[in-house]
Amino acid sequence: MTQDEMKQAVAKAALDYVETGTVIGIGTGSTANYFIDQLADIKHKIEGVVASSNASAERLKKHGIPVFDLNAVNEISVYIDGADEVNRHLHLIKGGGGALTREKIVAAVSKRFVCIADESKWVDVLGKFPLPVEVIPMARSYVARELAKLGGQPVWREGFITDNGNLILDVHNLRIMEPTKLEETINHITGVVTNGLFARRAANVLLLGTKDGVKTIK
Ligand code: 5RP
C-alpha cells in the first residue's frame, strides 16, 4: 500500500464514526481531503459540518455539503482530522497546513476526536516534525526569542498567512518529553495564538493506516 492508499483507507474507516443527524467537525490536509471526498457519498446522513479552514470549507461546499459557522452550532458529535505526528498517548503535533488554531477550537468543541493518519506519522517521541506556532505578526521576533530559550530553533514560515491573518513559526529540534507542559508553556508566551501540540485535548481514537490495514488505537 502506498502512503496515499493508507490515507484513503483511514478516511474510509472514519465514516463509521459519523453519527446520523449530527453536525461533525472536519480538519485540514490531504488525509482530511480524502475524508471529505468520501463523506460526499453519505452527506444526506448528517446535518452539516464545521470546517477548520477556508480550504476545507471550499471543498465541502463543492460537494454540496452544508458548512456551518461554529457560532451557529451548539454541539459537534465528532471531529475528524489528520496529524503530522502522533504518539501512543494519542498526543499530536498538528499545523503542517497552518490551520492549527481553528483545528484546536473545533476539536475542543467536539465530543470525540478521531485522528486519521498513515503509519509515517507514528512516533515514540514528538518533535521531529517542526512544531507550528501561530503568532500575532507584531510579536514574531519576540516570540521567536522566547521559543529559542525553550531549546527550539524557530523558523518563520515566510509568505504564509493563516486564515486568521497571523504568522507561523515552525520550531525545529525539539524532543518533546512532556507534551502537555510544553503546550501550556508555549501558549503562555504573549503574542502566541496557539501551538500545534494537541496534548491537553488529545485524540480519543486513532485510525492508523498500515501496510497490513487500518489499526484502531484508543
Ligand atoms: C493541517 C494539519 C494536518 O492535519 C496535518 O498537516 C496532516 O496533513 P496530511 O493529512 O496532509 O498529512 O494539521 O494544519
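The following refers to the structure shown.

### Some thoughts on the pairing of strand E1 (residues 23–26)
Every regular strand shows the same layout, with side chains that alternate between the two sheet faces.
Right, so step 1: With burial as the criterion, each face of E1 is covered, one bearing Val23 and Gly25 and the other bearing Ile24 and Ile26.
Right, so step 2: Alignment of E1 against strand E2 (residues 48–51), held across 4 bridges, turns out to be parallel. Residue pairing across strands places Ile24 opposite Val49, the latter belonging to E2.
Right, so step 3: Read from E1 through helix H2 (residues 30–39) to E2, the crossover connection turns out right-handed.
Right, so step 4: When E1 meets strand E3 (residues 76–81), the two strands line up parallel, connected through 2 bridges. When the sheet's bridge partners are listed, Gly25 is paired in E3 with Tyr79.

### A short note on the packing of aromatic side chains
Right, so step 1: Under the defined criterion, the tally for this structure stands at 2 aromatic pairs.
Right, so step 2: When the ring of Phe113 is compared with that of Phe198, the centres are 6.3 Å apart and the planes differ by 65 degrees; the resulting orientation is edge-to-face. Of the two residues, Phe113 is situated in strand E6 (residues 110–118) and Phe198 in strand E11 (residues 197–198); the sequence distance between them amounts to 85 residues. We note that Phe113, like Phe198, is buried.
Right, so step 3: Here the aromatic cluster, defined as three or more aromatic residues joined through ring pairs, consists of Tyr79, Phe113 and Phe198.
Right, so step 4: Here the basic side chain of Lys94 rests over the ring of Phe198, its NZ or CZ set 5.8 Å away from the ring centre.
Right, so step 5: Residue placement shows Lys104 over the ring face of Phe198; its charged tip is 5.3 Å from the ring centre.

Rules and cut-offs
Residues numbered from 1 in each chain as written. Predicted model: local features only at pLDDT ≥ 70, side-chain atom pairs only at ≥ 80, totals over all residues. Heavy atoms only, no water. Buried < 20%, exposed > 50% of the residue type's maximum accessible area, 1.4 Å probe, protein only. Helix = DSSP H or I, 4+ residues; strand = E, 2+ residues; numbered from the N terminus. Pairing = 2+ DSSP bridges. Right-handed = clockwise from strand over helix to strand, strands pointing away. Phe/Tyr/Trp six-rings, centres within 6.5 Å; stacked < 30°, edge-to-face > 60°. Lys NZ or Arg CZ within 6 Å of the ring centre and 35° of its normal.

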